[in-house]
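Now for the letters of each chain:
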Amino acid sequence: VRELFLHVPHDHTADATGMSNIEVIDALIGLAEDHDVPVVEPFAGLSRFSGQLRILGPTRNYYELLLSEQLAKSGSVDLASLLHKLTDSAVLSKAADYLDRGLSYLPIETLGEDGDTSSRNSSSVVTLVQAEPKRRMIFNGDAGIDALNNAWDEYEAVLGIFPAAPPTFFQGPHHGSKRNLSPSLLNRIFGEPGRNTTSWTSFISSAKKDPKHPSPKVTNALNRRGASVFATEGNSLRHFYDAPDRDGYGPASPVGPLDEDED
């Protein structure tokens, strides 16, 4: 490891000891220092490899705002978040079965504009990788709607408006959660449903035993805008533009239209 990209909470607040898992962050920084690996904070505008890797978000100011919100909540219990976690853990024994939810058509969009995620998730690094001029890959971590909109501002400041320089690969944030994307956000990037004329791919990292991720509302929304959507669901996926032959690998099956009825 030549360089470690990592936000350092202690450099942005007088006391970060109340932050969840701060000891893990401190241990990682200490390990880097022991090996003389420089720690660099990944804020919007940072780039490497002649611009082939670029950080789109968060900005320093936005990160510090999110950090202060995290610390303000660290002494209290977020009941809504706790209930959500308990609900998720209660259904982990049920395997998602896309075949049972498959449809032959895309239903009317039910993804909302009111998705909300935690301050911690929104402080995720959003990264742009440009392997070639016309191949643009966006990795979103767990960032939410506001964080992603901010990152898109940086994208357009560097590359121009999305219709002129659309991404060709898009990582669905937070395991395909319906809380992290909205129709207007997707329209900004890929255009309204049925109007996208470019081909693009979306990967979603999701656990096989979690039926809520990816959300059918999200996979359908991506499909409506021309994506080929793939969910890991316990499988190892590799993304190639010109796939070479490789032992043990074959074509992946994209996620098709799904029933959007959800609790």
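Within each chain, residue numbers correspond to sequence positions counted from 1 in written order. The predicted origin of the model limits local features to residues at a pLDDT of at least 70 and limits the giving and counting of side-chain atom pairs to 80 or more, whereas totals for whole chains, interfaces and linings rest on all residues. Side-chain figures throughout are based on the complete set of non-hydrogen atoms in the structure, without hydrogens or water.

Draft legend 1. Representation of the overall build of the protein chain in the model. Each helix and strand in the protein chain was counted, giving eight helices and nine strands. The cut-offs for exposure are 20% and 50% of the maximum accessible area for each residue type, with area from a 1.4 Å probe on protein chains only; residues under the lower value are buried, those over the upper are exposed, and the others partly exposed. Within the span of the protein chain, comprising 263 residues, buried residues form 40% of the whole. Contacts in the protein chain between residues at least 24 apart in sequence constitute 74% of all its contacts with a sequence separation of at least 6. Accessible area of the protein chain: about 14,500 Å², with a carbon and sulfur share of 52%. Only runs of H or I of at least four residues qualify as helices and only runs of E of at least two qualify as strands under DSSP, and these elements are numbered from the N terminus. Note on definitions: a residue-residue contact is assigned when non-hydrogen atoms from the two residues lie within 4.5 Å. Per-residue accessibility takes into account occlusion by the displayed protein chains alone, with areas from the Shrake-Rupley method and a 1.4 Å probe.

Draft legend 2. Structural context of the sheet that holds strand β7 (residues 169-171). Strand pairing follows a simple DSSP-based rule, namely that at least 2 bridges must link the two strands. In spatial order, the strands read β3-β4-β5-β6-β7-β8-β9; together these seven strands make up an open sheet with mixed pairing. In this open sheet, the two edge strands, each paired with only one partner strand, are β3 (47-48) and β9 (227-231). Inter-axis angles, ranging from 0 to 180 degrees, are taken between N-to-C directions of lines fitted to C-alpha atoms, where helices are fitted over the stretch in contact. In the packing of helix α6 (residues 145-159) onto the sheet, contacts are made with β4 (53-57), β5 (126-132), β6 (135-139) and β7, and the angle to β4 comes to roughly 135°.

Draft legend 3. Structural detail: the pairing of β5. Taken together, the four bridges between β4 and β5 define a ladder with antiparallel strand orientation. Its bridge partner lying in β5, isoleucine 55 is registered against threonine 127. One ladder, built from five bridges, connects β5 with β6; its direction is antiparallel. Residue valine 129 lies in a different strand from β6, and its bridge partner there is methionine 137. Linkage of β5 to β6, two consecutive antiparallel strands, is achieved through a turn of two residues.

Draft legend 4. Main features of the pattern of salt bridges. One speaks of a salt bridge when a side-chain nitrogen belonging to Lys or Arg is within 4 Å of a carboxyl oxygen belonging to Asp or Glu. For the structure shown, the criterion picks out eight salt bridges. The shortest N-O distance in the salt bridge between arginine 225 and glutamate 109 comes to 2.9 Å. Taken together, the residues arginine 225 in the loop between α8 (216-224) and β9 and glutamate 109 in the loop between α4 (98-101) and α5 (119-122) connect sequence positions 116 residues apart. When its relative accessible area of 1% is taken as the criterion, arginine 225 is described as buried. Its relative accessible area of 24% is what places glutamate 109 among the partly exposed residues. Between aspartate 153 and arginine 188 there is a salt bridge, and its shortest N-O distance comes to 2.7 Å.

Draft legend 5. Summary view of the environment of valine 39. Its place among the elements puts valine 39 in strand β2 (residues 39-40). Note: C-alpha distance between valine 39 and histidine 7 (32 residues apart in sequence) is 8.6 Å. Residue contacts for valine 39: discarding those within four places in its chain leaves Leu4, Leu6, Val8, Ile29 and Ala32.

Draft legend 6. Representation of the packing of α6 against helix α7 (residues 183-190) within the structure. Where α6 contacts α7, the two axes come as close as 11 Å, and the packing angle between them is 15°. When the interaxial angle is binned, α6 and α7 end up roughly parallel. Crossing geometry of α6 relative to α7 is assigned as left-handed. Contact with α6, carried on its side by Ile145, Leu148, Asn149, Trp152, Asp153 and Glu156, involves Leu185, Arg188 and Ile189 of α7 and no other residues of that element. The cut-offs work like this: below 35 degrees is roughly parallel, past 145 is roughly antiparallel, 65 to 115 is roughly perpendicular, and the gaps in between are oblique. In this scheme the crossing of two helices becomes right-handed for a clockwise turn of the near helix relative to the far one and left-handed for an anticlockwise turn of less than a right angle.

Draft legend 7. Up close: the nonpolar core. What we call a nonpolar core is a set of buried Ala, Val, Leu, Ile, Met, Phe, Trp, Tyr and Cys residues that are connected through their side-chain atoms within 4.5 Å. In this structure, Val126, Trp152, Phe170, Leu181 and Leu222 are the most contacted members of the largest nonpolar core, which totals 30 residues. Mapped by element, the contributors of at least two residues to this core are α2 (60-73), β5, α6, α7, β8 (200-204), α8 and β9. Looking at this core, the element that brings in the most residues is α6, giving five residues. When residues no more than four places from it in sequence are discounted, the contact partners of valine 126 are Arg54, Ile55, Leu56, Gly57, Ile138, Phe139, Asn140, Ala143, Leu148, Ala151 and Trp152.

Draft legend 8. The arrangement of the side chain of serine 182 in detail. Checked against the element boundaries, serine 182 lands in the loop between β7 and α7. A relative accessible area of 1% means that serine 182 is categorised as buried. What qualifies as a polar contact is a pair of N or O atoms within 3.5 Å, subject to a donor-acceptor requirement within protein and to the restriction that residues adjacent in sequence count only when both atoms come from side chains. Side-chain polar atoms of serine 182 contact the side chain of glutamate 113, separated by 3.2 Å. At 3.3 Å, the side chain of serine 182 and the side chain of serine 184 are in polar contact. Look past the residues within four positions of serine 182 in its chain and what remains in contact with it is Leu111, Gly112, Glu113 and Ile145.

Draft legend 9. Structural view of α2. Under the 1.5 Å per step criterion, the end-to-end length of α2 is 20 Å for 14 residues, consistent within 8% with the ideal 20 Å. Every buried residue of α2 is accounted for by Tyr62, Tyr63, Leu66, Leu67, Gln70 and Leu71. Those residues of α2 hidden inside the fold are in contact with α5 and α6. Expected helix span is computed as 1.5 Å times (number of residues minus one).

Read these as spatial facts, not as claims about activity.
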